[in-house]
Amino acid sequence: MEDDLDPPRIHPLLAERFSPYKFDPLTAIDDYSLGLLLEAARWAPSAGNSQPWGFYTSRPGKPEHERVVRYLAPSSARWATDAGLLVVTLARRHVGNPQLPYSEFADYDLGQAVAHLTIQAQSMGLAAHQFRAFNLEALTLELRPNPGWAIASMIAIGKAADMRPKTRDRRSIADLCSAPWSLSEVAL
Ligand SMILES: Cc1cc2nc3c(=O)[nH]c(=O)nc-3n(C[C@H](O)[C@H](O)[C@H](O)COP(=O)(O)O)c2cc1C
């Protein structure tokens, strides 16, 4: 399962991306950079062009940051508080009317928007670490998203202060294409 990424054969923006466990606390994210990151998310594809994503952005020293960091789990607080930007991601899981049934592609689409944002960050010399290690219920009570919206994850974005691991675990291409089926069905 361990793949050495050197030399990378995929695009360097993808090959060199990793989720840092250390951020440089001195690297701030300015308004222009924040705008570029959100612009990248804005242009992601989505089912029916529904664009069911939303973001709460916060930077150190601002009141928004205080509202968010207090709900980090100890495991993420160790590194996420140093990042120049903390983003709470939200999906609009109900279309228009919250009484309507769950929108099956909302989280899928949000994930694509976050992937766009992540690679945009990489192109700007920044790194992103997505995470779920926070108190979801308490943060939801704090931020009070509109009906139909649900917090999905958080992203710490900033200048990485640790090195990309030399090797990382990934499933093989063969496994990606065979795991969903039983052996007899693959043989057909
Ligand atoms: C939805 C999501 C939730 C994650 N939650 C956490 C988390 O709570 N804590 C953490 O340290 N990393 C978290 N990660 C980061 C993954 O562990 C990481 O992406 C994975 O191990 C692959 O490493 P890489 O991003 O460096 O390639 C999360 C990533 C995603 C996409």
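Predicted model only: the values in this text are computed from it and were never measured.

Peer 1: Please provide a residue-by-residue account of helix α5 (residues 106-123), values included.
Peer 2: For α5, with 18 residues, the first-to-last C-alpha span of 26 Å sits near the 26 Å given by 1.5 Å per residue. Every buried residue belonging to α5 is among A106, D109, L110, A113, V114, L117, T118, A121 and Q122, and all of these are buried. Against α1 (12-15), α2 (31-42), β2 (53-58), β3 (85-92), β4 (127-131) and β5 (149-158) lie the buried residues of α5. A positive backbone phi angle near 80° is found at G125, which sits one or two residues after α5.

Peer 1: Mind laying out the packing of aromatic side chains, listing which residues take part and the relevant values?
Peer 2: Centre distance and the angle of the planes are the two values used to describe a pair of aromatic rings. Scanning the model with the defined rule gives four aromatic pairs in all. Seen from their ring centres, W79 and F131 are 5.2 Å apart, and the 80° between their planes marks the pair as edge-to-face. In this pair, W79 sits in helix α4 (residues 74-80) while F131 sits in strand β4, placing the two residues 52 residues apart along the sequence. Of the residues examined, F131 reaches a relative accessible area of 7% and is grouped as buried. Aromatic side chains F105 and Y108 sit 5.9 Å apart centroid to centroid with 75° between the ring planes, which places their arrangement in the edge-to-face category. Taking the relative accessible area as the measure of exposure, Y108 reaches 54% and is therefore exposed. Taken together through their ring pairs, the aromatic side chains of Y21, W79, F131 and F134 make up a single cluster.

Peer 1: So what about the site of the ligand? Which residues, and what values?
Peer 2: Surveying the vicinity of the ligand reveals the residues R17, F18, S19, Y21, W79, H129, Q130, F131, R132, A133, R168 and R170. Here an oxygen atom of the ligand and a side-chain polar atom of R17 are 2.9 Å apart. Contact distances for the ligand include 2.5 Å between an oxygen atom and a side-chain N or O atom of S19. If the ligand stood free it would expose 620 Å²; the protein chains cover 58% of that surface. Sort the elements by how many residues they give to the shell around the ligand and β4 lands first, with three residues.

What counts, and where the lines are drawn
Every residue gets a number counted from 1 within its own chain, in the order that chain's sequence is written. Side-chain atom pairs in this predicted model are given and counted only at pLDDT of 80 or more, local residue features only at pLDDT of at least 70, and totals for whole chains, interfaces and linings cover all residues. Heavy atoms throughout the structure, all of them, feed into the side-chain values; hydrogens and water do not. Going along the chain from the N terminus, every DSSP run of H or I of four or more residues is numbered as a helix, and every run of E of two or more is numbered as a strand. By this rule, a helix spans an expected 1.5 Å times one less than how many residues it contains. Think of it in three bands: with a 1.4 Å probe and only protein chains considered, a residue is buried below 20% of the maximum accessible area for its type, exposed above 50%, and partly exposed in between. Note on contacts: a residue pair qualifies if any of its non-hydrogen atoms lie within 4.5 Å across the two residues. In this scheme Phe, Tyr and Trp rings, the latter by its six-membered ring, pair at centre separations within 6.5 Å, and the angle between planes marks the pair as stacked below 30 degrees, edge-to-face above 60, and tilted otherwise. Throughout, the term near means that a residue has one or more heavy atoms lying within 4 Å of the molecule or strand in question. Each polar contact in these results corresponds to two N or O atoms within 3.5 Å; when the atoms are within protein, one needs to be able to donate a hydrogen and the other to accept it, and residues that are neighboring in sequence are counted only if both atoms are side-chain atoms. The accessible surface values rely on the Shrake-Rupley method and a 1.4 Å probe; as for residues, cover is taken only from the protein chains in view.

Function cannot be read off these values alone, since they describe shape.
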